[in-house]
Each structure stands twice: as C-alpha cells, then as structure tokens.
Amino acid sequence: MALRSALINVMVAAAKKAAKGLVRDLGELENLQVSRKGPADYVSKADRRAEEILHAELRKARPAYGFLMEEAGAIDGTDTSNRWIIDPLDGTTNFLHGIPHFAISIGLERDSELFAGVIYSPVYDELYVAEKGGGAFLNGRRLRVSGRPKLDDALIATGIPFRGTPSHDLFLRQIGLVMGTCAGIRRYGSAALDLAYVAAGRYDGYWENGLFPWDVAAGIVLVREAGGFVSDLAGGRRMLAGGGILAANPVLHAPLAALLAQATPAGS
Ligand code: IPD
Ligand code: CA
Ligand code: CA
C-alpha cells in the first residue's frame, strides 16, 4: 500500500467523522426530518449534518480553500486555486429507505483540474482514495479498471432519472441500446459509488445524464487513477457542467460512447 499524503489524510479524517453521524441516523430513520427539493428529490437532516461536519473539518485543516457543497452551495476561499467539491450523502433515496448503498464524496479541484478524491461507504466500510499521479486505492489496495474488452460481456451501471427531471425519453433510448448490446445493467443509486466501482473493475462502464459536480468530482479522479477513461456524453470534458458522464475501461469507452450517441437526436 502506498503511503497516504497529508491531503488524503485530511479528507479521510473528515469523511470518517461525518460517516459516524450518518450511520447513527440510519439506525433512527423514523426520527429523521426529511424535506423535498424537487418532485422526487429529498434531503434530510442527515445530509445537512454530515455536510456541516465535512465543512468544519476541512476548513479547520485547510482554512483558505473554497467549497462547493450540495446543500450549502458555493463558499469562496481566499486561496482561489483550491476548492473542495462535496456530496455529504450520495444515495439519499437509498439511505431514506434503509438501503445501505450510499457514500460520502469529497473531491478537490486544484487550478481548475480535478486533483484528489475520497469516497467512503460507511456501512460497507469501503474507503476509496485517489490523488492525481498517485494511483487509486480501496482500503489500501491498488485499484485497476476491468480488462473486459467486449461490450457483449460488459456489466454497465447507470442512473435512472427521477420523476420531474427532463431526460426521461433520452434515458429510455439509451437503456434500450445498452440493454440490447451489453451483458447486464445495474442501477444501485449512488453516482459516487458507481464511479468507484468502475475504478475497482466491478463495473466495466457507467453512464448517467444530468449530474452535478458533487456527484462525480471525486469519482472522476478515482476512475482516471485506476486507468479508466472519463468523458461527458458527447466525448468532451463537460462532466461538471451538465454534460452527463461516461466512464469505462479504456477499451470500452469509445464503443460505449458511440452506442450512447445513437440515442441523442442529430443536432442536439
Ligand atoms: C443521486 C445519486 C443517484 C443519481 C442521482 C443523484 P443524491 O445523488 O447519485 O445515483 O442517479 O442523479 O442525484 O441526491 O443521492 O446525492
Ligand atoms: Ca449526489
Ligand atoms: Ca447528496
């Protein structure tokens, strides 16, 4: 196992502290205050408490860095080169149903590039870490994306749009194409873990439309550091700017991109 940098240690300590509250709240779901952000988009006191802990811990360790957080939004820092991008609870719907598949996701953007990522799944006790140029690790074990070379053997993850989101027709076209071509599809409900699982070689690829920076920042670093390719759905770099995401092993990325492109009407 490679020695962890001071930066990764700071991120891991914050994630582990916030995770304690999430696990406690998971055991007392009936007492949790829940509100709606959209027709099928929920936020709970657990999300907010975890975010407050992450904010406090990371600010203590790196007082000048800025923040982009799902619940509180953007907070500028005096150091404009470094910004944390945080989802305090990725997989809120799972969490609120008592399904243990959720994670804390902390990314660090440095000089406008994604530089480091930590994703922690508290119930599985799986800690994924990656830093640019330093490799990706799960509980200290080096990660490598899958080596599966053919789409017809591939297991692909995705996210299904919630009620009230605009991309239902696009998604139905995409899933029809992938279902007819690949071995299997999974929808587990946490974009951060979907990316971590691509990095770990569990999934051969993953795509989703309409995500936010906090869903994917840490996971992008993990996939790249595990040798995978990440792009937006048009093959570009707008993954943090609403372009959707496609992550896969290096052999399958281009064929998957070509397959998904068939779902997008010409000119859009
Ligand atoms: C959601 C999860 C889910 C994805 C949604 C996200 P949240 O994040 O990552 O897998 O399909 O698009 O919004 O709301 O649980 O943090
Ligand atoms: Ca999320
Ligand atoms: Ca969230």
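Residues numbered from 1 in each chain as written. Chains lettered and ligands numbered in written order. Predicted model: local features only at pLDDT ≥ 70, side-chain atom pairs only at ≥ 80, totals over all residues. Heavy atoms only, no water.

- Going by what an unreviewed UniProt entry lists, the protein is known as Inositol-1-monophosphatase and is assigned to Candidatus Defluviicoccus seviourii.
- UniProt, in the comment section headed Cofactor (unreviewed entry), describes the protein in these words: "Mg(2+)". (UniProt positions renumbered as here; feature names shortened; annotations may be inferred.)

### Focus: the domain arrangement of the protein
Part 1 of the reasoning: Splitting the protein by domain gives domain 1 (6-142) and domain 2 (151-261).
Part 2 of the reasoning: For domain 1 and domain 2, the distance between their C-alpha centroids amounts to 21 Å.
Part 3 of the reasoning: With 41 residues of domain 1 in contact, the opposing surface of domain 2 contributes 27 residues.
Part 4 of the reasoning: Taking both sides of the interface into account, the surface hidden between domain 1 and domain 2 amounts to around 2,500 Å²; carbon and sulfur atoms contribute 64%.
Part 5 of the reasoning: Among the residues of domain 1 in contact with domain 2, His101, Leu114 and Tyr128 are the three that bury the most area, contributing 24% of the side total.
Part 6 of the reasoning: Of the charged contacts in the structure, one is a salt bridge between Arg202 and Glu126, with a shortest N-O distance of 2.9 Å.
Part 7 of the reasoning: For the pair domain 1 and domain 2, the interface holds nine residue pairs in polar contact (both at pLDDT 80 or more).
Part 8 of the reasoning: Broken down by secondary-structure element, the contributors of at least two residues to the side of domain 1 that touches domain 2 are β3 (65-69), β5 (79-90), α3 (92-96), β6 (103-110), β7 (113-121), β8 (126-131) and β9 (135-138). (Domains from an automatic or database assignment. Contact = heavy atoms within 4.5 Å. Buried area = accessible area lost by both parts, 1.4 Å probe. Salt bridge = Lys/Arg side-chain N within 4 Å of Asp/Glu carboxyl O. Polar contact = N/O pair within 3.5 Å; in protein donor to acceptor, adjacent residues only side chain to side chain. Helix = DSSP H or I, 4+ residues; strand = E, 2+ residues; numbered from the N terminus.)

### Some words on the coordination of the calcium ion (ligand 2)
Part 1 of the reasoning: Taken together, Asp87 (OD), Asp90 (OD) and Asp215 (OD) make up the protein donors of the calcium ion (ligand 2), found 2.1 to 2.2 Å from the metal.
Part 2 of the reasoning: Sequence spacing of the donor residues for the calcium ion (ligand 2), all on one chain, is D-x2-D-x124-D.
Part 3 of the reasoning: The metal-metal distance between the calcium ion (ligand 2) and the calcium ion (ligand 3) comes to 3.7 Å, with Asp87 coordinating both.
Part 4 of the reasoning: Assessed through its relative accessible area of 1%, Asp87 is described here as buried.
Part 5 of the reasoning: Residue Asp90 is classed as buried on the basis of its relative accessible area of 6%. (Donors = N, O, S within 2.8 Å, 3.2 Å for Na, K, Ca; no water. Buried < 20%, exposed > 50% of the residue type's maximum accessible area, 1.4 Å probe, protein only.)

### Thoughts on helix α7 (residues 253-261)
Part 1 of the reasoning: Of all the positions in α7, only His253, Leu256, Ala257, Leu259 and Leu260 are classed as buried. Along the axis of α7, the buried positions cluster into a sector of 160 degrees, meaning they face one direction only.
Part 2 of the reasoning: The secondary structure elements touched by the buried residues of α7 are β11 (155-158), α4 (168-179), β13 (205-208), β14 (229-231) and β15 (245-248). (Arc of directions from axis to C-beta.)

### What about the packing of helix α1 (residues 6-26) against helix α2 (residues 45-61)?
Part 1 of the reasoning: Look at α1 against α2: their axes get within 9 Å of each other, and the N-to-C directions meet at 160 degrees. Classified by the angle between their axes, α1 and α2 sit roughly antiparallel to one another. Like other packed secondary-structure pairs, α1 and α2 cross with a definite hand, here right-handed. Contact residues: Val10, Met11, Ala14, Ala15, Lys17, Ala18, Leu22 and Asp25 in α1; Ala46, Arg49, Ala50, Ile53, Leu54, Glu57, Leu58 and Ala61 in α2.
Part 2 of the reasoning: The residue makeup of the contact of α1 with α2, split by class, is 12 nonpolar, no polar and four charged. (Axes fitted to C-alpha atoms, helices over the stretch in contact; angles between N-to-C directions. Parallel < 35°, antiparallel > 145°, perpendicular 65-115°, else oblique. Left-handed = near helix turned anticlockwise from the far one by under 90°. Nonpolar A, V, L, I, M, F, W, Y, C, P; charged D, E, K, R; others polar.)

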